[in-house]
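These are the residues of each chain, in order.
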Amino acid sequence: MMIGKHMWRKDRTKVDKTDEVRKSVRADMRSLANLYLDFKRNLPESKDSQDMFLRENFKNLSESIISITTKDNGSSDIKYGLKNSLYYLLMRAANIQEGEALTMRGTNAEYKVTEMKHFKTILKHHENILFSDSKYMINQSRQERLRLPARSPDNESIQELRLYIMQTMQTLSSLPVDNIGKTEYVKLRNLVCSRLTLFNARRGGEPARMKMDQWRNRSQWINNESIERLNEKEKKKFDEFQIVYTPGKGNHLVSTLVPSDCIAAIDILINPTVRKTATVLPANNFLFPNTELSPLHCSGWDAIHSALKSANINCPQLNATNQRGRISTLYAELDVDPEDRELFYRHMGHTEKINKNTYQRPPAVLAVTKVGAQLAQMDRMNISKEPEGSPRLSRMSRKSRTKSMSPGSDLDDESSSDEWKASSNNESESESETEEELNEVPCKKIKVQENTGRTKWSTEETMTIKEEFKEWINLPSPSKRLPSRS
């Protein structure tokens, strides 16, 4: 009780996320309760959940963690999300107990502080042993399963839903205020919330938490003097969009662009008469409130799901998270200035690194068409021997096939000989050379400078080279001689 009470008091300061905090605290307490029930089966003499945090019982706790995080299908598969969350939940619970004990005096309080410190040390020590598999599987799932292109909603479903939302919003917004009841209000609320979430590629809960005061005071973010300096094309954008800044994930503001097709619908949603008819709590300041006198706002996920169901569109992949990944991938393919790209990251509420490594789908098509073509070209250039009957190498291929010649090697042995290639000024001329022409080429002695590491060919070596590699050596060259043995 003490742990749950402390969690609730700390998290309820997030006044805009009351519903999320309540669900989170309840989920954490259920996890601790299930863990203790299994722990008590392993240690029947346990009297309360405090025994899980004693050093001497850590072995039993480890067995219970493995037990409740293993799937019940007879396999060794684990519930890696639950297992990973248990580590941070136990660490947080130990911190709470340590902090509470520090506020008290006495031997028992000092003992409990010491025990909690030791427990956290042990838990941290066993982190890589007990929880490493769950961390690995979470990262693997995040990089592979969650970023699959197949998880992105198809363009046809997106456009179909967009058209339905815009047409239905227009129909409901044209109704007289007296004809808008609770059913029409809820439907209109879900459509507007879905439109803003999908259009802005926002997280599901961000537009849903927008307040009426933030909407009414939206003009405070616009500097009229800055607008006057814009050209006419840019000024027209302010007729197409309104902008609202709201708190996002972390300690920063995120922008929500409101298309002009949503303005009339929002005016109805904030109408006091309509809200009263729809049983919205008068003190509820959310732009997209729940009905039945609830103090909470609607769920972004439920709003999109309801819109899909009303439009009779079967697309399970169409949600806020997958749309966020889709927009991030599409924007990454655009050729835009770095300044514009930075503005996009600010709108999304994350950094370039997160955009690339978390939301963007891997560029598989470019990897095949661009990188694959380049690797294939390099692969063909590095072939040591062509199969019999294969076409002769082109001039460029022969120029690229090079092997070093080591002094003192057995030049008569084909298996150990190296291939020497020199550039050709005329391929047809080199192919018509005969053995006699090669032998008639004079071999001039090369004056080798000292300390250059270069070695000249002897006459015997020169003749052997010409005979052995006459198909690849294009002579007569401009210098009428072989290159050095460097």
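Residues numbered from 1 in each chain as written. Predicted model: local features only at pLDDT ≥ 70, side-chain atom pairs only at ≥ 80, totals over all residues. Heavy atoms only, no water.

Would you mind going over the overall build of the chain with me for this structure?
Each helix and strand in the chain was counted, giving 24 helices and two strands. Taking all 486 residues of the chain together, the buried fraction comes to 37%. The contacts in the chain between residues at least 6 apart in sequence include a share of 63% that link residues at least 24 apart. (Helix = DSSP H or I, 4+ residues; strand = E, 2+ residues; numbered from the N terminus. Buried < 20%, exposed > 50% of the residue type's maximum accessible area, 1.4 Å probe, protein only. Contact = heavy atoms within 4.5 Å.)

Just to check I follow, could you spell out a nonpolar patch on the surface for this structure?
Nonpolar side chains collect at one region of the surface, where V371, L375, M378 and M381 lie side by side and expose about 350 Å² of accessible area between them. Assignment of secondary structure puts V371 in helix 20 (residues 364–381). (Patch = residues over 30% accessible without salt bridge, like charges linked within 9 Å, V, L, I, M, F, W, Y side chains within 5 Å. Areas by Shrake-Rupley, 256 points an atom, 1.4 Å probe, with all protein chains shown as cover. Salt bridge = Lys/Arg side-chain N within 4 Å of Asp/Glu carboxyl O.)

What exactly am I supposed to notice about the side chain of S64 here?
Relative to the helices and strands, S64 resides in helix 3 (residues 58–68). Reaching out from S64, the side chain makes a polar contact with the side chain of N42 at a distance of 2.8 Å. (Polar contact = N/O pair within 3.5 Å; in protein donor to acceptor, adjacent residues only side chain to side chain.)

How should the pairing of strand 2 (residues 253–259) be read in this particular structure?
Look at any regular strand and the pattern is simple: side chains alternate between the two faces of the sheet. Burial analysis of strand 2 places five of its seven residues in the buried class, the great majority of the element. Judged from the seven bridges that link them, strand 1 (residues 241–247) and strand 2 form a sheet pairing that is antiparallel. Bridge assignment links Q242 to a residue of strand 2, and that residue is V258. (Pairing = 2+ DSSP bridges.)

For this particular structure, what's the right way to read unusual backbone geometry?
A negative phi angle is the norm for most residues apart from glycine, just as the trans form is the norm for most peptide bonds. Although it is not a glycine, E292 adopts a positive phi angle of roughly 60°. By the secondary structure assignment, E292 is in the loop between helix 15 (272–277) and helix 16 (300–310).

I tried to follow a negative patch on the surface on my own but got confused; where do I start?
A cluster of acidic residues, D335, D337, E339 and D340, forms a negative patch on the protein surface. Checked against the element boundaries, D337 lands in the loop between helix 17 (320–332) and helix 18 (338–348). (Lys, Arg positive; Asp, Glu negative; His and termini not counted. Charge placed at Lys NZ, Arg CZ, Asp CG, Glu CD.)

Which parts of the structure should I look at to understand the pattern of salt bridges?
Close approach of charged atoms lets side chains of opposite charge pair. Throughout the structure, instances matching the rule amount to 15 salt bridges. The salt bridge involving R55 is made with E115; its shortest N-O contact spans 2.9 Å. Linking R55 in the loop between helix 2 (18–42) and helix 3 with E115 in helix 5 (residues 107–125), this pair joins segments that are 60 residues apart in sequence. A salt bridge links E206 to R203; the nearest nitrogen and oxygen atoms lie 2.8 Å apart. The buried category is assigned to E206, whose relative accessible area is 3%. The structure contains a network of salt bridges with shared partners spanning K124, E127 and K135.

So what exactly am I meant to see when it comes to the confidence of the model for the chain here?
Detailed conclusions should not be drawn from predicted coordinates in areas where pLDDT is low. Chain-level pLDDT for the chain is 79 on average; 74% of the residues reach the 70-or-more range. Counting contacts from residues 389–449, a segment whose pLDDT is below 50, to residues more than four positions away or on other chains yields 90 contacts. (pLDDT = per-residue confidence, 0-100.)

What should I look at first to understand the packing of helix 17 against helix 18 in this one?
Packed helix pairs are specified by the crossing angle of their axes together with the interaxial distance, meaning the distance between the axes. For the pair helix 17 and helix 18, interaxial distance at closest approach is 12 Å and the crossing angle is 175°. Considering the angle they form, helix 17 stands roughly antiparallel to helix 18. Along its contact with helix 17, which presents R324, I327, S328, Y331 and A332, the element helix 18 presents D340, R341, F344 and M348. Here the residues of the contact of helix 17 with helix 18 sort into five nonpolar, one polar and three charged. (Axes fitted to C-alpha atoms, helices over the stretch in contact; angles between N-to-C directions. Parallel < 35°, antiparallel > 145°, perpendicular 65-115°, else oblique. Nonpolar A, V, L, I, M, F, W, Y, C, P; charged D, E, K, R; others polar.)

For this particular structure, what's the right way to read the side chain of N190?
Examined against the element boundaries, N190 turns out to sit in helix 9 (residues 182–200). Accessibility expressed as a relative area gives 8% for N190, which makes it buried. If near-sequence neighbours (up to four positions away) are discounted, N190 is found in contact with A303 and S306.

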